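What follows is the residue order along each chain.
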Amino acid sequence: MCIVYQEIRSFSPGSGDRVRPRGHIATDAASMDLSGTWRFRYSARPDLAPEGASDVDHDDADWDDIVLPCHWVLQGRDDWGRPAYTNVQYPFPVEVPDVPDENPTGDHRLTFELPEGFVPDGGRVFLRFGGVESLCIASLNGIRVGVVRGSRLAQELDVTAQLQPGTNVMHLRVHQWSAHSYLEDQDQWWLPGVFREVELLARPAAGIDDVWLRADFDPETGEGLLIPELVADAAAFPITVALPGLGVAATYASPEEVEALPVGEVDPWSADRPTLYEAEVTNAAETRTLRVGFRRVEIVGHEWLVNGTKLRIRGVNRHEFDPDHGRVFDREKAREGLLLMKQHNINAVRTAHYPPHPEFLELTDELGFWVIDECDLETHGFVFDDWQSNPTDDVRWRDALLDRVERFFERDKNHASVICWSLGNEAGTGSNSAAMAAWLNRRDPERPVHYEPDHDGTHTDLVSRMYATVEEMADMSQGTGAPEEGAPGRNAVLAGRPMILCEYAHAMGNGAGGLSVYEEAFDTLPQWHGGFVWEWRDHGLRHTTSGGQEFNAYGGDFGEQVHDGSFVCDGMVLSDGTPTPMLAEFAAVASPIKLDVWENAMLVENRRHDGDTTDLRFVVVDEHDGRVVSEVEVDLLPVGPAGDSGIVELPDAAQPEAGQAWRTVRAELARDTAWAKRGHVVAFAQVQTHTVVESRTAKPAGEAPAIGGSGRITLGPAVFDARTGDLTSLREVALEGPRLDLWRAPTENDVLGDFPSYVDVEPAASRGAGAPGPSSADQWREAGLDRLQRRVLAVDVRQDGVRVLHRFAPAASQQSVLLELFWQMRDGELVLSADAQPSRGWKGTWPRIGLHFLLPTGLGHVEWFGTGPNESYPDSKQAAVVGRFGGDVEDLVVNYAVPQESGHRGGLRELSLPDLPLLLRADEVNGERPGFQLRAHSAHEVAAAAHPHELPTSTATHLLIDAAVHGLGSRSCGPDVRPEYQLRPRAAQWSLRFTAE
Ligand code: IPT
């Protein structure tokens, strides 16, 4: 077999003069970043790749230019292959270690001048690859220097012997697929290329090759201890380790003399207060600089502590992703993302599912995040064969997996923010994962090892689960129950350990709902330490239709043979970085400052890891009918240390003359911080203080309806169709309807049904044990909610108004809903009292009970007094406050990658559409107010579109006044809408008043 195929199907971790893995630490030694324009040749298969391409004098004149780092499939060239998305399944036949003949291959060549004096006297030069997907055969000046594997792992090769003064030619042959692709089956795009920097590093003779500064903090004494590990030849000594900021320095004359260095009292490092100290490690040849944070990570019983305090993870899973550049790192954009996280009370990141660019961890050290750093390993596709032949349990892969764990650990070991190591994701378990865990435990006894598939906790330190329900969490906490495949009594054993959800609350499309239920579980179940939302950001790739319309492409949009559709778009921010409402919901639910507000007092709980509340100011805002009447700051003694709570009296709230009075308290940053400006809201709470009920006695109707010509009924300014009873206009306004609507354009949580539901439409026994039951969308379609037919039962023109009776029912069904509409004129307003009554026999849930009106197209600005500013649903409304809001109709729905239900806002009082003009008021009925939704498309149009650009031209603006809606849940990957947030078939009433002026 030809040599290249041997490399492609090799289990070896890599070859060449591989340098022992080292930390990514700044140095004053010279380096040369080879990023920039290279020559590039794409070949669809290895055998089509140019022969002799690594030869120094190979003619690359007819090659193309490419700018590294990049993924070649994202360069806008249709003839360079295409991105492909799969989640669990491999995009090629599973036959380890072989991969398809159709193996896209990129040849890269760079001719460069080595600066004079670059190679230190007697020193070495290393060639460092930050990340290449997936197999890279590197040559320098026509000589092969090594084979690099492990796409998101750094690899250094010693190229001193091959480098020459003056002009050099480097050649990299990169194959998209290799045996190691079997280890890299993460839920993301397959994106080949040299996507992180390629650098030349000058290594001085007797330099300091590697440094590990372990920085311990003793929470009892407040003192720090620096424990240096120096990797250098004996000739490199003496070496000085100094922390100038603490006035501490020690010089070690020989390796044997290196010892721990007490540094006295220090400010510890934590995600809340990320204090870092500059450290210098110097000798005659080299100075290395890094920042250390003193902290102690330990597990005591079922508690995971940092600096003696139990951790509370409010985290996200973060992939490296950019809609234009894929996994190419951009420090500024990464920082922006982290700032957005901090601003939304996110304090932790799991680097799903591979080590990030090393500079990302500099940012998490600096800004303050608890990080679970994860190794580049996932073999999820083996699940379909019950994990048979899984690399994690196959001795042929042992070296490669140990090599992976060593490379990721050594690169990142110095980071204060890394408080846990994760072996990878969804790679099953076996002797190799056990060996990886053992290696980490031996090398770093302090930081715990995480690996979620280790369900029995045999070789890891944390008990981790994905998408568990709170009921399962409670079972685990109490040591009772055991998920199906578990050994009997397993939970009882695990209950003595700390627990986290490494993934929960699947943020795909609209949702996930139910965050506050988890928050309560994390706060009350002693073993639980919080969790990581799946996931931070959508991975839609910016793409254009043939007609030139931009959109976020997902699986299938590049013609993939197998793919997993929009499952790659499941973030709390959209692909372009726009936050979704779930992010605001997360911020409201997860705030470590909890406010409980009554009219005259407020309880402040400080649930931070560190620090009191002196960084905050508390502002009390009183509003009457949504208009601010006063705004004052309250004096509050600092609530602290962390864990404390305090109560403060609040000034009296003024009584409004009419309407409602609301009091909102905001905890705002009192000063600018590294992550937000003064005034940024960290927490808020709202309470209704007064309601002055208008005495609206049921006066007799002011005007009696009249039957006009051409089948019309008029009632004041309103005109009705005499046959159907439909309103057709109000003064000049074309306002049509309403029809009863029980349907919504399913969200992705409604559509996907692989996870069990709390809704039992049919007895579980009839489905077979463990089967999840139909998705909500299927159940709703089955019930015919998307195709209700209307029959007019009565249009009754009476002295006191117009009474209309409609029956709604789907074909082939005996179930129906009667809708009674009673229109009256009262005090110059058109008043609608509506009442929906379902027949018996409805099952399951309904997405909504709404009145659907058609309005003209092209409506612009609207204003409302109700909840906002974002959409909200029964299980996702902690971020919603009552107030007056405004916006353009098109901004009232979220531009999810897949069009779906969006834009419902509950608690409506007034809705004003100045373009018509129309003012609609909603009154309370039985203590409830309806919500509203305004959208340029009907639910059917939305449901039929797979991408926003597939939505047809709008023919009407759809106004829904919903008496109730169903929750969101997280069933696209996780629990369905909980019973308390479901909308079960039921009766509903509305009381609406319309004015058109
Ligand atoms: C889980 C994966 O770990 C994660 O990478 C992602 O695919 C997520 O699902 C869904 O988006 S695994 C799943 C089988 C629970």
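This structure is a prediction, so every number in the text was calculated from the model and none was measured. (Residues numbered from 1 in each chain as written. Predicted model: local features only at pLDDT ≥ 70, side-chain atom pairs only at ≥ 80, totals over all residues. Heavy atoms only, no water.)

Caption draft 1: Structural view of helix α3 (residues 358–367). Counting buried residues along α3, 7 of its 10 residues qualify, which places the element largely inside the surrounding structure. Residues of α3 that are buried: P358, F360, L361, L363, T364, D365 and L367. Structurally, α3 contributes buried residues whose contacts are with α2 (331–343), β28 (348–350), β29 (370–374), α4 (398–412) and β30 (418–422). Residue G368 follows α3 closely and has a positive phi angle near 95°. (Buried < 20%, exposed > 50% of the residue type's maximum accessible area, 1.4 Å probe, protein only. Helix = DSSP H or I, 4+ residues; strand = E, 2+ residues; numbered from the N terminus. Contact = heavy atoms within 4.5 Å.)

Caption draft 2: Structural view of unusual backbone geometry. Geometrically, the link from L68 to P69 is a cis peptide bond, its omega value of 0° lying close to zero. In this structure, P69 sits in the loop between β5 (64–68) and β6 (84–86). With an omega dihedral of -10°, the bond running from L916 to P917 counts as a cis peptide bond. For P917, the location among the structural elements is in the loop between β56 (910–913) and β57 (918–922). The phi dihedral of N926 falls on the positive side, at around 50°, and the residue is not glycine. With respect to the helices and strands, the residue N926 is situated in the loop between β57 and β58 (931–935).

Caption draft 3: Structural detail: the nonpolar core. Of all hydrophobic cores here, the largest spans 101 residues; its most connected members are I346, M473, Y504, V533, M572, L595 and M602. When residues of this core are assigned to domains, at least three map to each of domain 1 (2–203) and domain 3 (592–692). In terms of nonpolar packing, the next biggest core, distinct from the first, is built from 73 residues, Y85, W304, I500 and M508 among them. (Core = buried A, V, L, I, M, F, W, Y, C linked by side-chain atoms within 4.5 Å. Domains from an automatic or database assignment.)

Caption draft 4: Inspection of the sheet that holds strand β13 (residues 166–175) at higher detail. What the 7 strands build is an open sheet, ordered β1-β11-β10-β13-β7-β4-β5; its pairing is antiparallel. On the outer flanks of this sheet lie β1 (14–16) and β5, each paired with one strand and no other. Across the sheet, the mean angle from the axis of one strand to that of its neighbour is 25°, orientation sign disregarded. Here strand β10 (residues 135–140) runs beside strand β11 (residues 143–149); their pairing, made up of 6 bridges, is antiparallel. Its bridge partner lying in β11, S139 is registered against R144. (Pairing = 2+ DSSP bridges. Axes fitted to C-alpha atoms, helices over the stretch in contact; angles between N-to-C directions.)

Caption draft 5: Layout of the packing of aromatic side chains. Scanning all chains against the criterion turns up 30 aromatic pairs. Consider the rings of Y467 and F755, whose centres lie 6.3 Å apart with planes at 65°: the pair is edge-to-face. Of this pair, Y467 sits in the loop between β32 (463–466) and α6 (470–478) while F755 sits in the loop between α10 (748–751) and α11 (776–782); the two residues are 288 residues apart in sequence, bridging distant segments of the chain. Residue F755 is classed as partly exposed on the basis of its relative accessible area, which comes to 26%. What links up through ring pairs into an aromatic cluster is the set Y90, F92, W177, Y182, W190 and F382. The ring of F369 carries K342 above its face, with NZ or CZ at 5.3 Å from the centroid. One cation-aromatic arrangement involves R909 over F865; the distance from NZ or CZ to the ring centre is 5.8 Å. (Phe/Tyr/Trp six-rings, centres within 6.5 Å; stacked < 30°, edge-to-face > 60°. Lys NZ or Arg CZ within 6 Å of the ring centre and 35° of its normal.)

Caption draft 6: Region of the structure containing the environment of G224. Along the chain, the position of G224 falls in strand β18 (residues 223–231). Separated by 70 residues in sequence, G224 and F294 place their C-alpha atoms 6.3 Å apart. If we ignore the near neighbours within four places in the chain, the residues touching G224 are D216, L261, P262, V263, G264, V266 and F294.

Caption draft 7: Seen up close, the sheet that holds β29. The strand order across the open sheet built from 8 strands is β31-β30-β29-β28-β27-β34-β33-β32, with neighbouring strands paired in parallel fashion. The open sheet has two edge strands with one neighbour each: β31 (449–450) and β32. Bridging between β32 and strand β33 (residues 499–504) involves 4 bridges; their strand directions are parallel. Looking at β33, one finds that V463 is bridged to M499.

Caption draft 8: Local environment of the site of the ligand. Not every one of the 14 residues close to the ligand is listed here, only the nearest: D187, H353, N425, E503 and H506. Contact between the ligand and N425: an oxygen atom at 2.8 Å from a side-chain N or O atom of the residue. Measuring from an oxygen atom of the ligand, one finds a side-chain N or O atom of H506 at 2.7 Å. Protein chains shield 88% of the accessible area of the ligand, which is 390 Å² for the free molecule. Residues that form the shell around the ligand fall into these classes: 5 nonpolar, 5 polar and 4 charged. (Near = heavy atom within 4 Å. Polar contact = N/O pair within 3.5 Å; in protein donor to acceptor, adjacent residues only side chain to side chain. Areas by Shrake-Rupley, 256 points an atom, 1.4 Å probe, with all protein chains shown as cover. Nonpolar A, V, L, I, M, F, W, Y, C, P; charged D, E, K, R; others polar.)

Caption draft 9: The arrangement of the domain arrangement of the protein in detail. Entries for the protein in the domain assignment read domain 1 (2–203), domain 2 (210–298), domain 3 (592–692) and domain 4 (713–861 + 935–996). The gap between the C-alpha centroids of domain 2 and domain 4 is 65 Å.

Caption draft 10: Focus on empty space enclosed by the protein. Evaluated as defined, the whole model comprises 9 cavities of 30 Å³ or more. Taken as a whole, the largest cavity holds about 130 Å³ of empty space. Every residue lining the largest cavity is listed: V19, R20, P21, R22, G23, H24, R128, A154, Q155, E156, R407 and R411. For the lining of the largest cavity, the elements supplying multiple residues, two or more each, are β12 (155–158) and α4. Within the lining of the largest cavity, the residues separate by chemical class into 3 nonpolar, 3 polar and 6 charged. (1 Å grid on protein atoms, 1.4 Å probe; cavity = no way out; pocket = protein on both sides within 12 Å on 5 of 7 lines; lining within 4 Å. Points joined across faces, edges and corners; volume = space filled by probe spheres on them.)

Caption draft 11: Fine view of the packing of α4 against helix α5 (residues 431–443). Where α4 meets α5, the axes come as close as 9 Å, and the angle between the chain directions of the two elements is 30°. Note on packing geometry: the crossing formed by α4 with α5 is right-handed. Contact with α4, carried on its side by R398, L401, L402, V405, E406, F409 and E410, involves S431, N432, A435, M436, W439, L440 and R443 of α5 and no other residues of that element. Of the residues assigned to the contact of α4 with α5, the class counts are 8 nonpolar, 2 polar and 4 charged. (Left-handed = near helix turned anticlockwise from the far one by under 90°.)

Caption draft 12: Structural detail: the environment of H947. With respect to the secondary-structure elements, H947 resides in the loop between α12 (939–944) and β59 (957–965). Counting along the chain gives 163 residues from H947 to G784, while the straight-line C-alpha distance between them is 25 Å. Setting aside residues up to four positions removed in sequence, H947 forms contacts with F551, N552, Y554, D557, A897 and P899. Side chain to side chain, H947 and Y554 meet in a polar contact 3.4 Å long.

Caption draft 13: Highlighting a negative patch on the surface. Side chains of D888, E890, D891 and D915 sit close together on the surface and give a patch of like negative charge. Along the chain, D915 turns up in the loop between β56 and β57. Of the residues examined, D915 reaches a relative accessible area of 46% and is grouped as partly exposed. (Patch = residues over 30% accessible without salt bridge, like charges linked within 9 Å, V, L, I, M, F, W, Y side chains within 5 Å. Salt bridge = Lys/Arg side-chain N within 4 Å of Asp/Glu carboxyl O. Lys, Arg positive; Asp, Glu negative; His and termini not counted. Charge placed at Lys NZ, Arg CZ, Asp CG, Glu CD.)

Caption draft 14: The pairing of strand β39 (residues 616–624), seen in detail. Within β39, 8 of the 9 residues are buried, leaving the element largely enclosed by the surrounding structure. Sheet topology note: the β39/strand β42 (residues 659–669) ladder contains 9 bridges and is antiparallel. Across the sheet, residue F618 finds its bridge partner in β42, namely A667. As paired elements, β39 and strand β40 (residues 627–634) share 7 bridges and run antiparallel to each other.

Caption draft 15: Summary view of the pattern of salt bridges. What the rule picks out here adds up to 74 salt bridges. In this structure, D209 engages R203 in a salt bridge whose closest nitrogen and oxygen atoms are separated by 3.2 Å. Of the charged contacts, one joins E362 and R331 as a salt bridge, the two residues approaching to 3.0 Å between their closest N and O atoms. Of this pair, E362 sits in helix α3 while R331 sits in helix α2; the two residues are 31 residues apart in sequence, bridging distant segments of the chain. For E362, a relative accessible area of 23% gives the class partly exposed.

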